[in-house]
Amino acid sequence: MAQARISAKASEGAQQLQQPQQQQQSGGQLRGRFYRSTSMADRSSRLLENLDQLELRVEAFRDAASAMEQEKEILLEMIHNIQNSQDMRHISEGEREELNLTANRLMGRTLTVEVSVETIRNAQQQESLLHATKMIDEIVNKLLDDLEDAKMRLMSLYGACTSDVPAGPIDQKFQSVVIGCAIEDQKKIKRRLETLLRNLENSEKSITLLEHQKSSVRQSCNSKQD
C-alpha cells in the first residue's frame, strides 16, 4: 500500500512538473507567433515607405525628362530663328555661309539627343489627342493661304487651353476635345500652340521689316530721281 501511495504521489508530481513546462512551451509558441506577426507588419510598413519614396523619385525623373524634351524643342527653335533672321540677310555671303554651317552643326548635335516621355492614355484620351492634333494641323496646312486668319484661329485654340482670361474668342469645340486628353498631352498641346504663335509673330515682324526696307529703298530712289 505504501509503495502504491509513493508511486501515485510520484506520478502526480511528474504531472505537476509537466504542466508548467507545457504551459511555458505553449506560451513560447504564442509569443513566437506574436513576434513573427509584428515583424511582418514592420517589414510591410518599411517596404511601403520605400515604394512611396521611389514613387516621388520616379515622378521627379519623368519631370526632368519632360523638361529635357522642352529644352530640346526650345534649342531647335532658337537655332531655326537665327538661321531665318533678318540679321542673317544683311551680312556677307561668306559670313552667312559660315554661320549656317555652325547652326547646322548645332542642330545636328541637338538632334542626336533622344528624349521621350511616354504618356499613359486610355482609348478615349488617345482619340481626343488625335482629334486635337488634326484640328491644329488643318490650320497649319493653310498658313500660307491666309496668314492673318490662321493666326486668329490659332489664338482661339490657344485661348481654349489657358486658364487666363483670353484676349479673343475661344474655340469651344477644341476646348471640349482638349479636356478629354491626358494632362500631359494638354500641356504639350498648349506648348505647341505657343510655339506656332511665336513663329507667326516672328514671321510678321520679318515681313513688316522687309516691307519697311522696300519702302525706304523706293523713297530713296524717288528722291534721287527728283
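Please refer to the structure higher up on the page.
Residues numbered from 1 in each chain as written. Predicted model: local features only at pLDDT ≥ 70, side-chain atom pairs only at ≥ 80, totals over all residues. Heavy atoms only, no water.

So, on to the overall build of the protein chain. Of regular secondary structure, the protein chain possesses 7 helices and 0 strands. Listing every helix and strand of the protein chain by position from the N terminus yields α-α-α-α-α-α-α. Within the protein chain, buried positions represent 19% of all 226 residues. Nonlocal contacts in the protein chain, meaning residues at least 24 apart in sequence, comprise 73% of its contacts between residues at least 6 apart. For the protein chain, the exposed area adds up to about 17,300 Å²; of that, 55% sits on carbon and sulfur atoms. (Helix = DSSP H or I, 4+ residues; strand = E, 2+ residues; numbered from the N terminus. Buried < 20%, exposed > 50% of the residue type's maximum accessible area, 1.4 Å probe, protein only. Contact = heavy atoms within 4.5 Å. Areas by Shrake-Rupley, 256 points an atom, 1.4 Å probe, with all protein chains shown as cover.)

Turning to the environment of leucine 193, a few remarks are in order. With respect to the secondary-structure elements, leucine 193 resides in helix H7 (residues 183-225). For leucine 193, a relative accessible area of 0% corresponds to the buried category. Each C-alpha atom, one on leucine 193 and one on leucine 157, is 7.7 Å from the other, the two residues being 36 residues apart in sequence. Excluding its chain neighbours within four sequence positions, the residues that come into contact with leucine 193 are Ile136, Leu154, Leu157, Tyr158, Cys161 and Phe174.

Listing the buried residues of helix H6 (residues 172-179) in full gives Phe174, Val177 and Val178. One side of H6 holds all its buried residues, which, seen down the axis, span an arc of 95°. Along H6, exposed side chains directed more than 90 degrees from the buried face belong to Gln172 and Ile179. (Arc of directions from axis to C-beta.)

Turning our attention to the pattern of salt bridges. Considering all chains together, one arrives at 5 salt bridges under this definition. With a shortest N-O distance of 2.9 Å, glutamate 184 and arginine 62 are connected by a salt bridge. Here glutamate 184, found in helix H7, pairs with arginine 62, found in helix H1 (residues 2-83); they are 122 residues apart in sequence, far enough to count as distant. Glutamate 184 gets classed as partly exposed once you look at its relative accessible area, which sits at 31%. A salt bridge links glutamate 77 to arginine 198; the nearest nitrogen and oxygen atoms lie 2.9 Å apart. Pair noted here: glutamate 77 is in helix H1 and arginine 198 is in helix H7, with a separation of 121 residues, a long-range link. (Salt bridge = Lys/Arg side-chain N within 4 Å of Asp/Glu carboxyl O.)

What follows is about a negative patch on the surface. The grouping of Glu49, Asp52, Glu55, Glu59 and Asp63 at the surface amounts to a negative patch. Positionally, glutamate 49 belongs in helix H1. (Patch = residues over 30% accessible without salt bridge, like charges linked within 9 Å, V, L, I, M, F, W, Y side chains within 5 Å. Lys, Arg positive; Asp, Glu negative; His and termini not counted. Charge placed at Lys NZ, Arg CZ, Asp CG, Glu CD.)

For the rest of this paragraph, the subject is the packing of helix H4 (residues 123-140) against H6. Taken N-terminus to C-terminus, the directions of H4 and H6 make an angle of 145°; their axes are 8 Å apart at the nearest point. Every pair of crossing elements has a handedness; the one defined by H4 and H6 is left-handed. Touching Ser128, His131, Ala132, Met135 and Ile136 of H4 are Lys173, Phe174 and Val177, all from H6. Residue classes in the contact of H4 with H6 are distributed as 5 nonpolar, 2 polar and 1 charged. (Axes fitted to C-alpha atoms, helices over the stretch in contact; angles between N-to-C directions. Left-handed = near helix turned anticlockwise from the far one by under 90°. Nonpolar A, V, L, I, M, F, W, Y, C, P; charged D, E, K, R; others polar.)

Let us look at the nonpolar core. The biggest cluster of nonpolar side chains holds 20 residues, and the ones touching the most others in it are Ile136, Leu154, Leu157, Cys161, Phe174, Ile189 and Leu193. Every residue in contact with isoleucine 189, bar those within four places of it in the chain, is listed here: Leu129, Ala132, Ile136, Cys161, Phe174 and Cys181. (Core = buried A, V, L, I, M, F, W, Y, C linked by side-chain atoms within 4.5 Å.)

By secondary structure assignment, the location of alanine 160 is in the loop between helix H5 (147-159) and H6. Relative accessible area serves as the criterion here: at 9%, alanine 160 is assigned to the buried category. The spatial distance from the C-alpha of alanine 160 to the C-alpha of valine 178 is 8.1 Å, given a sequence separation of 18 residues. With near-sequence residues (within four places) excluded, alanine 160 lies in contact with Ile170, Asp171, Phe174 and Gln175.

This part takes up the side chain of aspartate 185. Within the secondary structure, aspartate 185 sits in helix H7. Note on aspartate 185: relative accessible area 2%, which makes it buried. At 2.5 Å, the side chain of aspartate 185 and the side chain of arginine 121 are in polar contact. For aspartate 185, the residues in contact, after removing those within four places along its chain, are Thr119, Arg121 and Leu129. (Polar contact = N/O pair within 3.5 Å; in protein donor to acceptor, adjacent residues only side chain to side chain.)

A disulfide bridge is the covalent bond that connects two cysteines by way of their sulfur atoms. In total, this model carries 0 disulfides according to the counting rule given. The thiol of cysteine 161 is unpaired, and the distance to the nearest cysteine sulfur, on cysteine 181, comes to 8.8 Å. Assessed through its relative accessible area of 4%, cysteine 181 is described here as buried. (Disulfide = S-S within 2.5 Å.)

No statement about biological role is implied by the geometric values presented.
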